[in-house]
Amino acid sequence: QVQLVESGGGLVQVGGSLRLSCAASGHTFSTFYMAWFRHAPGKERDLVASITRYGLNTYYADSVKGRFTISRDNAKNMVYLQMNSLKPEDTAVYYCAASPSRLPTIPTMKDLENWGQGTLVFVSS
């Protein structure tokens, strides 16, 4: 088990940037596969990006590829999501999630056992 706390959300204008952070508790953070999901009003909670235990491999949803970057710092028990060139359709609550098991190439919610409380990102046009 790992506890996750997201931060860094807020209001930003179209084309702006934000960096989300996810702080994880525990001493075994490097054993967890991590991901960011987002939940927009009226939509499903969808995968944004995922990263393997030591950051060697990442995956991005097509909608954010080239604009968002997921990274992690195992020494600090942190995962980040750098979001650039933000669009109104990026408005959502963003969740950090963790799994001790290897994730499929495109994980869904059921593949991750641990979730943060979410942080709201609002992109104004």
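Scroll up to find the structure this text is about.
First, a word on scope: everything that follows refers to the structure included in this document. (Residues numbered from 1 in each chain as written. Predicted model: local features only at pLDDT ≥ 70, side-chain atom pairs only at ≥ 80, totals over all residues. Heavy atoms only, no water.)

1. Observations concerning the overall build of the protein
Right, on to step 1. If you tally the helices and strands in the protein, you get zero helices and 11 strands.
Right, on to step 2. In sequence order, the secondary structure elements of the protein are arranged as β-β-β-β-β-β-β-β-β-β-β.
Right, on to step 3. In summary, the protein has a C-alpha radius of gyration of 13 Å against a globular reference of 14 Å for 125 residues, a match within 12%.
Right, on to step 4. Counting every position in the protein, which comprises 125 residues, the buried fraction comes to 46%. (Helix = DSSP H or I, 4+ residues; strand = E, 2+ residues; numbered from the N terminus. Rg over C-alpha atoms; globule rule 2.2 N^0.38 Å. Buried < 20%, exposed > 50% of the residue type's maximum accessible area, 1.4 Å probe, protein only.)

2. Regarding the state of the cysteines
Right, on to step 1. For the coordinates displayed, the defined rule picks out one disulfide.
Right, on to step 2. A disulfide bridge connects Cys22 with Cys96, and the sulfur atoms are separated by 2.1 Å. Since a negative S-S torsion denotes a left-handed disulfide, the Cys22-Cys96 link at about -80 degrees is left-handed. Of this pair, Cys22 sits in strand E3 (residues 18-24) while Cys96 sits in strand E9 (residues 92-99), and the two are 74 residues apart along the sequence.
Right, on to step 3. For Cys22, a relative accessible area of 0% puts it in the buried group. (Disulfide = S-S within 2.5 Å.)

3. Considering the pattern of salt bridges
Right, on to step 1. Tallying each qualifying case throughout the model produces four salt bridges.
Right, on to step 2. Here Lys65 and Asp62 are joined by a salt bridge, their closest N and O atoms 3.1 Å apart. The pair formed by Lys65 and Asp62 is uniform in burial state, with each residue classed as exposed.
Right, on to step 3. Its salt-bridge partner being Asp111, residue Lys110 comes within 3.4 Å of it at the nearest N-O pair.
Right, on to step 4. When salt bridges that share partners are traced, they join Arg38, Arg67 and Asp90 into one network. (Salt bridge = Lys/Arg side-chain N within 4 Å of Asp/Glu carboxyl O.)

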